[in-house]
Amino acid sequence: MPALPLPGATLAHGLRPCLEFDDKNSSAWCSNLNCVFDAAVVGAGPAGSMAAYQLARAGVRVLLLEKETAPRYKPCAGGLTPKTVQEVPFDLDDLVEDVCQDFQVSLRLGQPFRRRYPHPMVYMVMRDRFDQYLTERAVQAGVVLRDGSPATGVELRPVYAEVRTKGDTFRVAALVGADGANGVVARSLGLGSDFHHWVAWESEVVPDDVDLERWRGLIGIDLGTLRGGGYAWVFPKRDLLSVGAGGCTQVGRDLRGYCDRFVAGLGLRSARALRQRGHLLPIRPRGSPIQLGRALLAGDAAGLVDASTGEGIYWAVRSGKLAASAVLELLAGEIQDLESYERRVDDELMPELLAARRWVSLYLWAPALCSLLIHRSDPFWQTICMLFRGDQGYQDVARLLGPLRFLPSLLPEVDGKARHSAMR
Ligand SMILES: Cc1cc2nc3c(=O)[nH]c(=O)nc-3n(C[C@H](O)[C@H](O)[C@H](O)COP(=O)(O)OP(=O)(O)OC[C@H]3O[C@@H](n4cnc5c(N)ncnc54)[C@H](O)[C@@H]3O)c2cc1C
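In this text, all values refer to a predicted model and were calculated from it rather than measured experimentally.

Basis of the calculations
Residues numbered from 1 in each chain as written. Predicted model: local features only at pLDDT ≥ 70, side-chain atom pairs only at ≥ 80, totals over all residues. Helix = DSSP H or I, 4+ residues; strand = E, 2+ residues; numbered from the N terminus. Contact = placed C-beta atoms within 7 Å. Buried ≥ 20, exposed ≤ 12 C-beta atoms within 10 Å, placed from the backbone. Pairing = 2+ DSSP bridges. Near = placed C-beta within 6 Å. Nonpolar A, V, L, I, M, F, W, Y, C, P; charged D, E, K, R; others polar. Axes fitted to C-alpha atoms, helices over the stretch in contact; angles between N-to-C directions. Left-handed = near helix turned anticlockwise from the far one by under 90°. Parallel < 35°, antiparallel > 145°, perpendicular 65-115°, else oblique.

Asker: I keep staring at the overall build of the chain and nothing clicks. Help me out?
Answerer: Along the chain, the regular secondary structure elements total 11 helices and 21 strands. Expressed as a percentage of contacts within the chain between residues at least 6 apart in sequence, the contacts between residues at least 24 apart total 75%.

Okay, here's the thing in structure tokens:
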């Protein structure tokens, strides 16, 4: 365990723990670890590990609570866009299982066509290894990890936040809820109840060597089969293929069947399914609160998922960083609560997430036209690739429309709320 400063010690960069406990000998102390914490982070996914890492680097005494023990399985296709790789402050080379720039696209499970982009589009990782790696970096920076230790509830008091596990209660100056979809922190604080949801089904498939080789560097996508948005995918890994489908909650019951038909259409020989699981992707409606007093939500817990693609790791990492900087300001006594975090999420993250929800309505309205444009139009294909990679944002694309740039704001927002019934 890393050496920790004694309670009351001045933090790095002149920060001071701003706790004023009425009873300093009570649960402010974690008796097992013989230390006191300034901040607690619940959930060691990308959002939680990133927030904890940034805080520890600034000299904050951070407790990271994780329900599972590493390496833990997480239903996720494990695709990192280049913009995500750029945001992660560690070298990910050893974790990358494949780098993809080729696409095989089909419309409504029909005959597929191929497309290629001259630069990497997606870096593939296994989430158990990726998440463990980020958590290890946080621990190396000084974070105290308690895994196998689910938070069971949270309470806020004027001068501290309290987080409970089965055996302990911790009082901290600030609390980050990064415990994913339907997390206990959001529930305890009465936040997130208005979130919409995407639902996704994931299967890890082991094909024979010939098929594995055929999918090297190649992503498979099926468009237009699900109503209300969504798609099916194949993401190649070193020894297996992640195959899945996701869409609005109303298609939930049909996802597994859709996924099976998609896999059958791929013609994989002697493919063996290792793991199959469904999971929710929460979508934050505009203006929904993600902060209360000394507590805030980050990543999936805050509903920060791109409703057009289901991408969430980038937003988890970005919001984890924003969470850490707000907590640092609170600990330094510059602010009295974490309201500024929500403002920064609204200013820095939500405009792109909201714009993505508008643009994807074009795909819902005319999937066949979108598929045709992807197939035949180089400018359209390049624009999509640049958006996906993070080379430009939706707002940059709108600017290209010149005097017509107001048009995207007329498009309806697609936010995971079911409006149509199931499959086409
Ligand atoms: C099928 C599927 C495929 C996806 N594919 C991609 C993809 O290819 N690329 C991409 O960018 N995004 C993808 N996503 C989205 C992405 O997985 C999430 O957005 C991302 O994991 C969010 O990170 P997070 O840290 O907020 O939450 P999580 O990664 O969910 O981490 C939350 C952590 O909190 C822990 N936890 C939960 N409850 C408690 C508790 N009470 N106490 C302590 N710990 C707790 C969990 O064990 C977990 O470790 C996919 C999602 C799904 C469902």
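Asker: Is there a simple way to explain the pairing of strand S17 (residues 231-236) in this structure?
Answerer: Counted residue by residue, S17 has 6 buried out of 6 residues, so it is predominantly covered. By the alternation rule, side chains of S17 split into Tyr231, Trp233 and Phe235 and Ala232, Val234 and Pro236, which are all buried. Where strand S16 (residues 218-223) lies against S17, 4 bridges are found, and the strand directions are antiparallel. What sits directly across from Ile221, in S17, is Trp233. As paired elements, S17 and strand S18 (residues 241-248) share 6 bridges and run antiparallel to each other. Looking at the pairing, Trp233 lines up with Gly244 of S18. Linkage of S17 to S18, two consecutive antiparallel strands, is achieved through a turn of 4 residues.

Asker: What is the right way to look at the site of the ligand in this model?
Answerer: The full set close to the ligand counts 39 residues, and Gly43, Gly45, Gly180, Gly299 and Gly312 are the nearest of them. If you list the elements that add at least two residues to the shell around the ligand, you get helix H1 (46-57), strand S15 (196-206), strand S19 (272-283) and helix H7 (313-331). Taken together, the residues that form the shell around the ligand break down as 19 nonpolar, 12 polar and 8 charged.

Asker: So what exactly am I meant to see when it comes to the packing of H7 against helix H8 (residues 339-365) here?
Answerer: Packed helix pairs are characterised by how far apart their axes lie and by the angle those axes make with each other. Across the interface, H7 lies against H8 with an axial gap of 9 Å and an inter-helix angle of 145 degrees. Between H7 and H8 the crossing geometry is right-handed. Residue-level contacts link Trp315, Arg318, Ser319, Leu322, Ala323, Ala326 and Glu329 of H7 to Ser340, Tyr341, Arg344, Val345, Glu348 and Leu349 of H8. Grouping the constituent residues of the contact of H7 with H8 by class yields 7 nonpolar, 2 polar and 4 charged.

Asker: What's the story with the sheet that holds strand S10 (residues 144-146) in this structure? I'm lost.
Answerer: Sheet strands pair by backbone hydrogen bonding; their relative direction is either parallel or antiparallel. Judged by pairing direction, the sheet is mixed, and its 6 strands sit side by side in the order S10-S4-S3-S14-S21-S20 without closing on themselves. Each edge of the open sheet is held by one strand with a lone partner, namely S10 and strand S20 (291-292). Across 4 bridges, the pairing between strand S3 (residues 39-42) and strand S4 (residues 62-65) is parallel. Its bridge partner lying in S4, Val41 is registered against Leu64. Of the strands in this sheet, S3, strand S14 (174-177) and strand S21 (295-297) are in contact with H7, which crosses S14 at around 170 degrees.

Asker: How do you make sense of the sheet that holds strand S9 (residues 122-124) when you look at a structure like this?
Answerer: Pairing is antiparallel across the open sheet formed by 3 strands, whose spatial order is S5-S9-S6. Pairing within the sheet leaves two strands with one partner each, and these edge strands are strand S5 (79-80) and strand S6 (98-100). Strand direction decides the pairing type here: S5 and S9, joined by 2 bridges, are antiparallel. In the strand pairing of S9, Gly79 is matched with Met124.

Asker: How do you make sense of the environment of Pro71 when you look at a structure like this?
Answerer: Topologically, Pro71 is positioned in the loop between S4 and S5. Separated by 57 residues in the primary sequence, Pro71 and Asp128 have C-alpha atoms spaced 5.1 Å apart. Residue contacts for Pro71: discarding those within four places in its chain leaves Asp128, Arg129 and Gln132.

Asker: Would you take a moment to explain the packing of H1 against helix H3 (residues 127-140) for this structure?
Answerer: Their axes nearest at 8 Å, the elements H1 and H3 cross at an angle of 15 degrees. Between H1 and H3, the crossing angle belongs to the class labelled roughly parallel. When the axes of H1 and H3 are compared, the crossing they make is left-handed. Between H1 and H3, the contacting residues are Pro46, Ser49, Met50, Ala52, Tyr53 and Ala56 on the first element and Asp131, Leu134, Thr135, Arg137 and Ala138 on the second.

Asker: Before we go on, may I ask you to explain the environment of Pro150 in this structure?
Answerer: Inspection of the secondary structure puts Pro150 in the loop between S10 and strand S11 (153-156). Between the C-alpha atoms of Pro150 and Val184, which are 34 residues apart in sequence, the distance is 9.1 Å.

Asker: Please clarify how the environment of Leu338 should be interpreted in this entry.
Answerer: Position of Leu338 relative to the elements: it lies in the loop between H7 and H8. Along the sequence, Leu338 and Ile290 sit 48 residues apart, while their C-alpha atoms lie 9.7 Å from each other. Dropping the residues within four chain positions of it, Leu338 is found in contact with Ala174, Gln291, Arg294, Ala295, Leu296, Ala326 and Leu330.

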